[in-house]
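Chain residues, written in single-letter form:
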Amino acid sequence: MEITLSIIKADIGAIGGHMAPSAQLLATVRQHILEEAANILIDSYISYTGDDIALLMTHKRGTGDEAVHRLALDAFLAGTEVARAQGLYGAGQDLVKDAFSANVRGMGPAVAEMEFEERPNEPFLFFAADKTDPGAYNLPLYLAFADPMNTPGLFLSQKLAQGFRFVIMDVGHTECDRIIELVAPEDLYDIAALLRDPQRYVVESVWSRASSEQAAVVSTSRLRDVAGKSTGKDDPVMVLRTQMHFPSTGELLAPFQVGHFVAGGVRGSHNMPLMPCTLNSPVSYFDGPPVVTCAAFACHEGRLTEPVDAFAHPFWDAVREHVAAKAMEMRRQGFFGSAMLPLAQLEYTGVAERIERLQGRFRERED
Ligand code: 13P
Ligand code: MG
Ligand code: MG
C-alpha cells in the first residue's frame, strides 16, 4: 500500500518569548485536525519542539496535496487566533504569506513529505529541531548513511553495502532551487566537501541504492527568502525510515550523541551545540540550546502506534550534561569569533549598519 507521510510545522506563537506553545494553542490545533481530517487523513500525531508545532499526518493522497496542506494551514490559522487572544509572542510568526495556492510551500511553514510503498512492518523516526536550521541534520545524515565508524551495517549488511544516494540542495542559490545528486561511498569526499558548510548545502533526501526506496526527507524551506527578510530560523523537521534496506534505529540515533555545533540560539545568530531532548520540550538557556526531539513509530496501513520517545532513555541524560557543558563553554566567549555567526548569516542588520557607519572614520596610517 502506497502511503504518504506529511509533516507540516510552524511557529504560530509561544509563551515567554520563543519557549513553547501554550496548552490551549496546542489543543486548538489538535482539535481542528481531529474535526476536519475525515476523508483526508488516515492518522495524525501533533507535538511541539521549542516554540514549533509539528503536524505529522498519514494519508494516501501523495505529496503536495492541496487538501492536506489546506487542513494544516487552517489548523495553524485557528491556532494563531488563540495565540493572539492569549497574547503569545510571535502569534502567526511563520505564516508569512497569505495567498494559498495549492500547497503551503513558500508560505512559511516547514514541509517534509515522503510517499512510499509501506513495508509489512514500517518503523520510522520523526525528528523536529528548534532554534537551528535544516543544515543541522547534515552531520547526523553523513555519519548514519556514509560512515561505517557510526553505521557498521554499511559493511555488515549486503543491502546497506550498496550505499546511499544523497540529494543535496544549494540553499544559498537565490534564483532557483538547485540540487545535486551524489552517491556514497564513491562520491564520499564530494559529499563531505558540500556538507561541511550547512548554511549553504543541505541534505534534502537520502535513498537506498539497493532498493531505490527513500530513506530520509528533510524540510529545506527557506524562511529568509520566503519573507524577503529574515523572520527566524527555519527550524527543521526530518523523517528517517529504519531497518531492512536502511540503517538500524540505533545507527540513526547514534550521531546525535555528538552534540555538534549548529547555527542557532539567541536571535538565530550564534553557534550552539544541538541537545537531544524529550518530546514536547521547551527551550531555555540562551533561547536554546538548540534542541532536537525524536518520536519513533511503527505504522501499518497508515495507522500509527503511539510514539516511543527516543531521547528519553537515561543514556541521553549523560549526553545532555555534556552538551550543556559545551554550550556554557561556547557562551564564555560571548560574541567573539566562532561563538557568533559570520556577518552574512546574521538575522539582524545591526552589525553591518554599525560597521558601515564606521567606514568614514577609518583613515590611512601616516607613519
Ligand atoms: P524561533 O525561530 O524559534 O522563533 O526563534 C527565534 C529567535 O531568534 C530566538 O532567539
Ligand atoms: Mg518563535
Ligand atoms: Mg522555533
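Scroll up a little and you will see the structure.
A few points on the structure. (Residues numbered from 1 in each chain as written. Chains lettered and ligands numbered in written order. Predicted model: local features only at pLDDT ≥ 70, side-chain atom pairs only at ≥ 80, totals over all residues. Heavy atoms only, no water.)

1. Notes on the pattern of salt bridges
Okay, so step 1: For the structure on display, the rule yields 16 salt bridges.
Okay, so step 2: Among the salt bridges present, the one from Arg61 reaches Asp65, with a minimum N-O distance of 2.8 Å.
Okay, so step 3: In this structure, Arg241 and Glu122 form a salt bridge, with 2.9 Å as the shortest nitrogen-oxygen distance. With Arg241 in strand β10 (residues 237–241) and Glu122 in strand β5 (residues 122–130), this residue pair connects regions lying 119 residues apart in the sequence.
Okay, so step 4: Looking at Arg241, the relative accessible area reads 0%, which means it is buried.
Okay, so step 5: Residue Glu122 is classed as buried on the basis of its relative accessible area, which comes to 1%.
Okay, so step 6: Shared partners join several salt bridges into a network, and the residues in it are Arg119, Glu122, Glu213 and Arg241. (Salt bridge = Lys/Arg side-chain N within 4 Å of Asp/Glu carboxyl O. Helix = DSSP H or I, 4+ residues; strand = E, 2+ residues; numbered from the N terminus. Buried < 20%, exposed > 50% of the residue type's maximum accessible area, 1.4 Å probe, protein only.)

2. Details of unusual backbone geometry
Okay, so step 1: Of note, the amide linkage connecting Ala184 to Pro185 takes the cis form, showing an omega dihedral of 10°.
Okay, so step 2: By the secondary structure assignment, Pro185 is in the loop between β7 (178–184) and α6 (188–195).
Okay, so step 3: Going from Gly288 to Pro289, the amide bond is cis rather than trans, its omega being -15°.
Okay, so step 4: Topologically, Pro289 is positioned in the loop between β13 (275–276) and β14 (291–300).
Okay, so step 5: Even without being glycine, Gln243 reaches a positive phi, approximately 70°.
Okay, so step 6: Looking at the secondary structure, you find Gln243 in the loop between β10 and α8 (249–253).
Okay, so step 7: Residue classification places Gln243 among the partly exposed residues on the basis of a relative accessible area of 33%.
Okay, so step 8: For Met244, which is not glycine, the phi torsion reads 55° and is therefore positive.
Okay, so step 9: Note that Met244 resides in the loop between β10 and α8.
Okay, so step 10: On the basis of relative accessible area, Met244 is assigned to the partly exposed category, the value being 48%.

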